[in-house]
Amino acid sequence: MTSIFFITLVVRSVSFEKLVESLGNARPATLVAGVVLLVAAYVLRIKRSQIMLAAVNPEVTFGRSAVPYMVSIAANNVLPFRVGDILRAINFSSWLAVSTASILAVMMLERLMDLLVIIGFFGGALFLFHAQESRELALQHSTSLFLILGAVLIAGLLFFPMLLRSPVEWLMTVIRYFTPRLESNIRPFVHRIFCTVTAIIHRPLMLLLLGCTVLSWFFEACTFYMVACAVPNMSNPAAGWLAMPVGTLSTALPSSPGYVGTFHYFVIVAARALGNSPDASAAFAVLIHLILWLPVTLCGASCFVYWTIKRSSAPPRRPVKSEF
């Protein structure tokens, strides 16, 4: 329903003929450059995942960690309810030779780092692209303050994850009161998650992981910018820098697989906010969604086929002794 609502908003504000014309005039070489930058972004994210998994299992290689990462992204692109995240945590435990709890800990840290950097990009974009009217400027300042507070909270959780221990213990107490058996079953699982997080989080490694995260999202922002430059009638292609955090944050809203509708609407809003026409903004939204969706989904599908063949032809790997 959410996707249908936002698709309706997009269709009502765009001329289909002009949209097709803008798409047909897109510059292929610039789009290819955007794809290359996107590949660089995902290489860094997979490397970040490998570094964190190596804290639990030092034998995890880049290629081994790439398969579950890309499969999960591709599955999220075509299946509802972020099934890819569940698939990555449960089905790839033996493949990575780490526990499901450790994979969940890595995924939690990835999400926190990504969110920290994305809202940082959002705040930077708001700072660079000032509103002209006083009412918009007041809203911009309020949003910037909210982003700063969110960034401080996320950074605190990243560097001091044990801050979550007390709330989690309180939740476990509540669960034990109602269903003691369930609490006894999940407590070891929760303990392993915190053990993994503790093993990963120390300041030198955290700085390396954050560096990979910043660079990866910078490359993705460059992808947005290159795609904006590929649309000839985009009067202000710098809107790509604003569209990246806005469009990415919009994927948190409930929507259809692939974030159809929600992503397009908010990317169009960001592009139009910097003076681009509705048709050019819509063409930009369609192209950047295609660039972000198609190569990643094809790569993830290939990784899934590879994993299926390898899994059926080799015995499952056992967790190494360093596993929690």
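Residues numbered from 1 in each chain as written. Predicted model: local features only at pLDDT ≥ 70, side-chain atom pairs only at ≥ 80, totals over all residues. Heavy atoms only, no water.

### A short note on the overall build of the protein chain
Along its length, the protein chain carries 14 helices and 0 strands. The order of helices and strands in the protein chain, counted from the N terminus, is α-α-α-α-α-α-α-α-α-α-α-α-α-α. Relative to the globule expectation of 20 Å for 324 residues, the C-alpha radius of gyration of the protein chain, 21 Å, shows essentially globular dimensions. C-alpha atoms of the protein chain, sized along the principal axes, occupy 60 × 50 × 40 Å. Buried positions account for 46% of the 324 residues belonging to the protein chain. Contacts spanning at least 24 positions in sequence make up 75% of the contacts within the protein chain whose residues lie at least 6 apart. Of the side-chain charges in the protein chain, 23 are positive and 13 negative, and the distance between the mean point of each set is 11 Å. (Helix = DSSP H or I, 4+ residues; strand = E, 2+ residues; numbered from the N terminus. Rg over C-alpha atoms; globule rule 2.2 N^0.38 Å. Buried < 20%, exposed > 50% of the residue type's maximum accessible area, 1.4 Å probe, protein only. Contact = heavy atoms within 4.5 Å. Lys, Arg positive; Asp, Glu negative; His and termini not counted. Charge placed at Lys NZ, Arg CZ, Asp CG, Glu CD.)

### Here's the deal with unusual backbone geometry
Unusually for a residue other than glycine, Arg82 sits at a positive phi of about 50°. Along the polypeptide, Arg82 turns up in the loop between helix 4 (62–78) and helix 5 (83–91). The exposure class assigned to Arg82 is partly exposed, which follows from its relative accessible area of 34%. With a phi close to 60°, Ala97 is a non-glycine residue in the positive phi region. By relative accessible area, Ala97 is classed as buried at 1%.

### Re the environment of Ile118
Relative to the helices and strands, Ile118 is located in helix 7 (residues 100–128). Remark: the alpha-carbon pair of Ile118 and Ser144, spanning 26 residues in sequence, is separated by 13 Å.

### Looking at the environment of Ala283
Here Ala283 shows up in helix 14 (residues 278–313). Overall, Ala283 belongs to the buried group, its relative accessible area being 0%. Expressed as a C-alpha distance, the spacing of Ala283 and Asn233, which sit 50 residues apart in the sequence, is 9.4 Å. Setting aside chain neighbours within four positions, we find Ala283 in contact with Leu19, Ser22, Leu23 and Val231.

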